[in-house]
Amino acid sequence: MITSQHSRALILAAAVLSFAVMLDAVPMFAQTQSTAASEAATAIAKAKLEAATAAQNAGKKKFPVTREDMVVAMPVDQAHLTIAHASRVWRKGVRTYVAGNSPAPNALVQEGKLHNETWSYYPDDAPLRSLYGGDTRAALVPYLAHASFGDTYKWLLYGDDDTVWFMESVMKLLQDFDPDLPYFITDHMWWASSPGRASHPNPEAPRCLPCDFDDSKFDHSLKPFNAPKGCPCTAQLICESDERGIFNQYCDVPKAPMSTYSMHGGAGGIISIGMLRAVSLDYMEKCVKSLYSTGGDAFISICTWQAGYAMTDPGYSFFHPDVNMFDPGPEDRMGNMMKLVRALDHRCDDACQHQLSNMLTLHVRSRVFPQLEDAAQFIKAIIGMYDVFMENKRIKAAQAVANLVEVDSSAAAAAVAAETAAMEADVQALTVAEVEARQPNSTKVESGTEVSASKQAAIASAQQAIQARAVADATDAAAAVALQNAAAAALAKKQSHRKLQ
């Protein structure tokens, strides 16, 4: 897949190549001036983009994230291997720890190595302490993965086997978080403050906002309550800032059946290596096995709270109740697929664009499909559509850069042309007397006019310079056209590739 960096590089490389080919046969003066104009125009365009980015991220330290910095922790059972295999389409080589309910056959282990998978085994619960036999395994899989990988990553993506992650959006989000701090990031939680049916995603669920989150640009009338800011988010911080009377004097975590507080396992959560260092596998295993609750997501949420930590909301959906980053809908797989269809057909309005651009996960909920193979095909289809959506965004960004370079190239070329005209005027202003005063030796030209050798050389030099300037101006114009052609070619190639698919 072509990244935004690659797209920009291709366009700039095409421009440089066009300059090199055409400048090879012109005088050094023209080559120097034209190259300077091109470099100046590109530098101006780049500076504009950097200035806009810097203004947007003012006061924030960035923590770059790549696929190599992330791992996936996934609980499965033998009946769901089809779904686990389908998830490879979005994992694409990201290291993955898969915990099954029985030992994996050697053939599966060897196949998994081709996809950066580590297969392990953790038995089902007997007797049950929740709704499903695999809930303890589901709660412990992040800590089992950490024990396997050690300190070789920064972020762990935690969800069900049918949780789809949109990796480009995930990496963009995580640039604003320090992985060495203990974070459990999600905006999709179960919540009920009194006995009764809990709902998700419930905006009333207790949470923190990131400590450097800039909420000045949001409408505060839309937020459900006053969430504290914390890096990290701790249970104590939430209790101390509680204005709703939810927590008792001991800051006990709300538990079923009296109340419910939990991340949603299908929506998923992102756990920092800082959190997995702070809370040990031994602690988590003892805590989980002491509980009776609704599921693996409730187990890990309760034990995380009892270890002193709580959930951090990225912040965007806290002020946009209609937009969830983790599994929008909820579980509205068809609704989100139709948003992608509208986006690819250029019928996606602002609300649609905001949701797609901020979407981190989608819970496919494979159990509702007639067959697991149908769910697997859905996973592959929606990732394919998302990839095209993101590619379209990258092409638009590349075209924006090309347009900036074109405008600034024209301005730079005009400035150089003005300088050339001024030079020409200066040369023409040289009088015969001034030239002869410097070099008294003179020669005769065919017209019979007496012209000094130095004047003759000066005029010839000026004429060469003016001709070179004309070539340079033509080169600058050709470069602008080359930039537009490069962007058009990239778009045509993408459309051709889509037709072949």
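None of the values given here were measured: they were computed from a predicted structure. (Residues numbered from 1 in each chain as written. Predicted model: local features only at pLDDT ≥ 70, side-chain atom pairs only at ≥ 80, totals over all residues. Heavy atoms only, no water.)

Caption draft 1: Structural view of empty space enclosed by the protein. Counted according to the given criterion, the structure contains 2 cavities of 30 Å³ or more. In this structure, the largest cavity spans a volume of roughly 90 Å³. Together, P206, R207, F225, N226, P228, I238, S241, D242, E243, R244 and F247 line the largest cavity. The class makeup of the residues in the lining of the largest cavity is 5 nonpolar, 2 polar and 4 charged. (1 Å grid on protein atoms, 1.4 Å probe; cavity = no way out; pocket = protein on both sides within 12 Å on 5 of 7 lines; lining within 4 Å. Points joined across faces, edges and corners; volume = space filled by probe spheres on them. Nonpolar A, V, L, I, M, F, W, Y, C, P; charged D, E, K, R; others polar.)

Caption draft 2: Up close: the pairing of strand β2 (residues 95–100). With 5 of 6 residues buried, β2 lies mostly within the body of the structure. As paired strands, strand β1 (residues 70–75) and β2 are joined by 5 bridges and run parallel to one another. Following the sheet pairing, M74 is matched in β2 by V98. Relative to strand β3 (residues 117–121), β2 runs parallel, the two being bridged by 5 bridges. Within the sheet, the bridge partner assigned to T96 lies in β3 and is E117. Each parallel crossover has a hand, and the one from β2 via helix α5 (residues 106–113) to β3 is right-handed. (Buried < 20%, exposed > 50% of the residue type's maximum accessible area, 1.4 Å probe, protein only. Helix = DSSP H or I, 4+ residues; strand = E, 2+ residues; numbered from the N terminus. Pairing = 2+ DSSP bridges. Right-handed = clockwise from strand over helix to strand, strands pointing away.)

Caption draft 3: Highlighting the state of the cysteines. Applying the stated rule across the entire model yields 5 disulfides. One disulfide bridge connects C287 with C303, the sulfur atoms lying 2.1 Å from each other. With the S-S dihedral at roughly -95°, the linkage between C287 and C303 falls on the left-handed side. Of this pair, C287 sits in helix α10 (residues 281–289) while C303 sits in helix α11 (residues 296–306), and the two are 16 residues apart along the sequence. Each bonded cysteine in the protein chain gets a number by its place in the sequence, and the pairs come out as 1-4, 2-3, 5-6, 7-8, 9-10. (Disulfide = S-S within 2.5 Å.)

Caption draft 4: Layout of the layout of surface pockets. In this structure, the second largest pocket spans a volume of roughly 1,000 Å³. Residue lining of the second largest pocket: 36 residues in total, with Y132, D135, D160, D297 and R367 positioned closest to the centre. Contributions of two or more residues to the lining of the second largest pocket are made by α6 (135–149), β8 (260–263) and α11. In terms of residue class, the lining of the second largest pocket is built from 9 nonpolar, 16 polar and 11 charged.

Caption draft 5: Quick look at the side chain of D327. Residue placement: D327 occurs in the loop between α11 and α12 (333–344). Buried charge D327 goes without a salt bridge, the closest partner of opposite sign being R333 at 7.8 Å. Among the polar contacts made by the side chain of D327, one reaches the main-chain amide nitrogen of H363 at a distance of 3.0 Å. Not counting residues up to four positions away in its chain, the partners in contact with D327 are H188, A267, T361, L362 and H363. (Lys, Arg positive; Asp, Glu negative; His and termini not counted. Salt bridge = Lys/Arg side-chain N within 4 Å of Asp/Glu carboxyl O. Polar contact = N/O pair within 3.5 Å; in protein donor to acceptor, adjacent residues only side chain to side chain. Contact = heavy atoms within 4.5 Å.)

Caption draft 6: View of the nonpolar core. Grouped together as the largest cluster of nonpolar side chains are 61 residues, with contacts concentrated most on M70, W155 and I270. Among the elements of the structure, β1, α3 (81–86), β4 (155–158), β5 (163–165), α7 (167–174), α12, α13 (350–358) and α14 (372–428) are those that each provide at least two residues to this core. Considering every element that reaches this core, the biggest residue donor is α14, with 10 residues. Counting 46 residues, the second largest nonpolar core, distinct from the first, contains F184, A205, C303 and W305. (Core = buried A, V, L, I, M, F, W, Y, C linked by side-chain atoms within 4.5 Å.)

Caption draft 7: Representation of the sheet that holds β1. Within the open sheet, the 6 strands sit side by side as β3-β2-β1-β4-β9-β6. Their pairing is mixed. Looking at which strands have only one partner, the edges of the open sheet turn out to be β3 and β6 (184–185). Judged from the 4 bridges that link them, β1 and β4 form a sheet pairing that is parallel. Looking across to β4, one finds that V71 is bridged to L156. In the packing of α6 onto the sheet, the strands contacted are β1, β2, β3, β4 and β9 (269–272), and the crossing angle to β2 comes to about 135°. (Axes fitted to C-alpha atoms, helices over the stretch in contact; angles between N-to-C directions.)

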